[in-house]
Amino acid sequence: MDLQLLARFNAARSGRKPAILVTEIGSGAQRLVAPGDIADADPLAAELRARLRSGKSGLVELAGGGQAFLTVSVPPPRIVLIGAVHISQALVPMAQIAGFDVTVVDPRTAFATPERFPDGTLLAEWPADVLEQLALDPYTALAALTHDPKIDDVPLAAALSVGCFYVGALGSRKTHGKRRERLLEAGVTPDAFDSIDAPIGADIGAASPAEIAVAVLANIIAALRKSPELKGEGGRP
Amino acid sequence: MQQDAIRTEIDPLVLAESWSRDGRRVALATVVETWGSAPRPVGAHLVIDAEGNFEGSVSGGCVEGAVVAEAAEVIETGKPAMLEFGVADETAWRVGLSCGGRIRVYVEPVARSA
């Protein structure tokens with residue numbers, strides 16, 4: 001493998017960009033493929049697209065005989081929590097134990113304190129101001145937990161538009177009904193909105209904040225592992 | 001807190017790049033196919049230098065020695081090689097997989113072109 005090619009592959013990996021390194025076994029010829037540069041004329045196009053979804057590396061047969069190995073890299077899954085609330089205090093350590101990177105965003109300085117979130121996961125900012133920094137992508141789960149539209153709506157719409165693998169929102173049916181009106185007004189499609197996990201979390205009768213955290217984490221893991229798009233080795237946190 | 005970035009100290013692909021930039025001659029081994037019970041998944045890497053230093057794993061310890069030996073040849077010739085290990089292999093007594101599986105490992109040089 002050429003060092004420059006390896007460097008480009010590593011840069012994609014550290015930058016949370018999906019990429020596939022294609023190695024022809026016979027000749028040793030290699031190329032690096034990003035999602036944006038799969039040409040329809042590429043004989044491996046369908047295979048490459050499927051591999052970017054599954055995250056699985058593996059051998060493929062080439063049309064002209066011979067084999068190629070696809071080294072597939074997709075970003076490790078992570079969780080963004082909107083709201084430095086009680087549920088988040090329980091959810092952060094649980095999610096970390098399960099292997100996820102977690103970021104908590106909340107502009108309310110009474111909630112967003114280092115005492116409540118001591119491990120450096122906290123951004124005490126308005127979500128709208130840090131969307132770029134959050135870099136939401138299809139390998140990110142987002143849960144909106146403030147039930148304050150001023151804080152939750154912007155990141156919810158952003159998560160739906162980039163195709164986060166899980167989007168959940170806390171709130172009663174009535175709260176969620178009003179949220180539907182606002183987000184559809186803001187241009188979210190009905191299908192996208194209805195993909196939100198709400199009422200949030202697995203239906204386990206969760207009562208306390210910590211139990212709700214378990215329910216939310218369960219549904220995030222279900223979305224990751226049961227989705228036809230993301231399950232597989234590459235989805236390992 | 002874990003880092004979003006890949007964990008550089010144990011990532012064989014990152015090590016392969018940094019070792020190569022440091023002027024070391026490097027080979028990269030990749031598990032490309034497994035049958036039956038195999039200890040490491042397809043896509044697992046081992047990085048090896050010309051002095052026989054290595055990091056990562058392709059089998060959890062069963063065949064690393066043989067891969068490292070073959071890597072010296074790959075580094076010397078600059079040509080990739082395909083290795084196969086398994087209980088059915090004639091070298092099984094020496095480097096077979098105790099778990100009963102079989103694996104194919106692709107070993108390639110890392111080339112420092114201009």
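A quick note: this is a predicted structure, and the numbers were derived from the prediction, not measured.

Visitor: Mind laying out the nonpolar core, listing which residues take part and the relevant values?
Guide: Residue and element names in this part refer to chain A. Grouped together as the largest cluster of nonpolar side chains are 28 residues, with contacts concentrated most on Ile79, Leu81, Phe100, Leu145, Tyr166, Val216 and Ile220. Per-element tally for this core: the top contributor is helix α8 (residues 209-226), with 7 residues. Excluding anything up to four places from it in sequence, Tyr166 contacts Thr140, Ala141, Leu142, Ala143, Asp197, Ile200, Gly201, Val216, Asn219, Ile220 and Ala223. Among the nonpolar cores identified, the runner-up in size contains 21 residues, and Ala144, Ala158, Ala159 and Phe193 belong to it.

Visitor: I'd like a rundown of the pattern of salt bridges, residues and numbers included.
Guide: Counting across every chain of the model gives 14 salt bridges over all chains. With its nearest N and O atoms 2.6 Å apart, the salt bridge here joins Arg13(A) to Asp11(B). Placement of the pair is Arg13(A) in helix α1 (residues 3-14) and Asp11(B) in the segment before α1 (12-21), with the two residues belonging to separate chains. For Arg49(A), the salt bridge identified is with Asp40(A), shortest N-O distance 2.9 Å. Since its relative accessible area comes to 66%, Asp40(A) is described here as exposed.

Visitor: Could you give an account of the confidence of the model for chain A, naming the residues involved and the relevant values?
Guide: Residue and element names in this part refer to chain A. On average, residues of chain A carry a pLDDT of 91, and 95% of them reach 70 or more. Mean pLDDT across the elements of chain A ranges from a minimum in helix α2 (residues 45-54), with 87, to a maximum in strand β9 (residues 166-169), with 98. Contacts of residues 231-237 to residues separated by more than four positions or lying in other chains number 23 contacts, the stretch itself having pLDDT below 50.

Visitor: Tell me what's going on with the interface of chain B and chain A, and back it up with residues and numbers.
Guide: Contacts between chain B and chain A engage 32 residues on the former and 33 residues on the latter. Here chain B and chain A share an interface that buries about 2,400 Å² over both sides, 56% of which is from carbon and sulfur atoms. The interface formed by chain B and chain A holds 1 salt bridge in total. Among the secondary structure elements, those contributing two or more residues to the side of chain B that touches chain A are α1, β1 (26-35) and β5 (102-110) of chain B. Sort the elements by how many residues they give to the side of chain B that touches chain A and α1(B) lands first, with 6 residues.

Visitor: Pulling in residues and values, what's your account of the packing of α1(A) against α1(B)?
Guide: Close contact between α1(A) and α1(B) brings their axes to 10 Å; oriented N to C, the two are set at 135 degrees. When the axis of α1(A) is compared with that of α1(B), the two are oblique. Helix-helix and strand crossings are classified by hand; for α1(A) and α1(B) the assignment is left-handed. Here α1(A) contributes Leu3(A), Leu6(A), Ala7(A), Phe9(A), Asn10(A) and Arg13(A) to the contact with α1(B), which in turn contributes Leu13(B), Val14(B), Ala16(B), Glu17(B), Ser20(B) and Arg21(B). Here the residues of the contact of α1(A) with α1(B) sort into 7 nonpolar, 2 polar and 3 charged.

Visitor: Run through unusual backbone geometry, naming residues and quoting values.
Guide: All names here are of chain A. At the junction of Ala198 and Pro199, the peptide bond is cis and its omega measures out at -5 degrees in the coordinates. Along the chain, Pro199 turns up in the loop between α7 (190-194) and α8. Even without glycine at this site, Arg16 takes up a positive phi of about 55 degrees. Its place among the elements puts Arg16 in the loop between α1 and β1 (19-24). When its relative accessible area of 10% is taken as the criterion, Arg16 is described as buried. One non-glycine residue, His147, lies in positive phi territory at about 40 degrees.

Visitor: Got a sec to walk through the pairing of strand β6 (residues 101-105) of chain A? Specific residues and values, please.
Guide: Residues and elements named next belong to chain A. Buried residues dominate β6, accounting for 5 of its 5 residues. Of the two faces of β6, the one holding Asp101, Thr103 and Val105 and the one holding Val102 and Val104 are both buried throughout. In this region the chain leaves strand β5 (residues 78-82), passes through helix α3 (residues 86-97) and returns to the parallel neighbour β6; the handedness of that crossover is right-handed. For β6 and strand β7 (residues 122-123), the ladder comprises 2 bridges, and the chain directions are parallel. Along β7, the bridge assignment pairs Val105 with Leu123.

The rules behind these values
- Residues numbered from 1 in each chain as written.
- Chains lettered and ligands numbered in written order.
- Predicted model: local features only at pLDDT ≥ 70, side-chain atom pairs only at ≥ 80, totals over all residues.
- Heavy atoms only, no water.
- Core = buried A, V, L, I, M, F, W, Y, C linked by side-chain atoms within 4.5 Å.
- Buried < 20%, exposed > 50% of the residue type's maximum accessible area, 1.4 Å probe, protein only.
- Helix = DSSP H or I, 4+ residues; strand = E, 2+ residues; numbered from the N terminus.
- Contact = heavy atoms within 4.5 Å.
- Salt bridge = Lys/Arg side-chain N within 4 Å of Asp/Glu carboxyl O.
- pLDDT = per-residue confidence, 0-100.
- Buried area = accessible area lost by both parts, 1.4 Å probe.
- Axes fitted to C-alpha atoms, helices over the stretch in contact; angles between N-to-C directions.
- Parallel < 35°, antiparallel > 145°, perpendicular 65-115°, else oblique.
- Left-handed = near helix turned anticlockwise from the far one by under 90°.
- Nonpolar A, V, L, I, M, F, W, Y, C, P; charged D, E, K, R; others polar.
- Right-handed = clockwise from strand over helix to strand, strands pointing away.
- Pairing = 2+ DSSP bridges.

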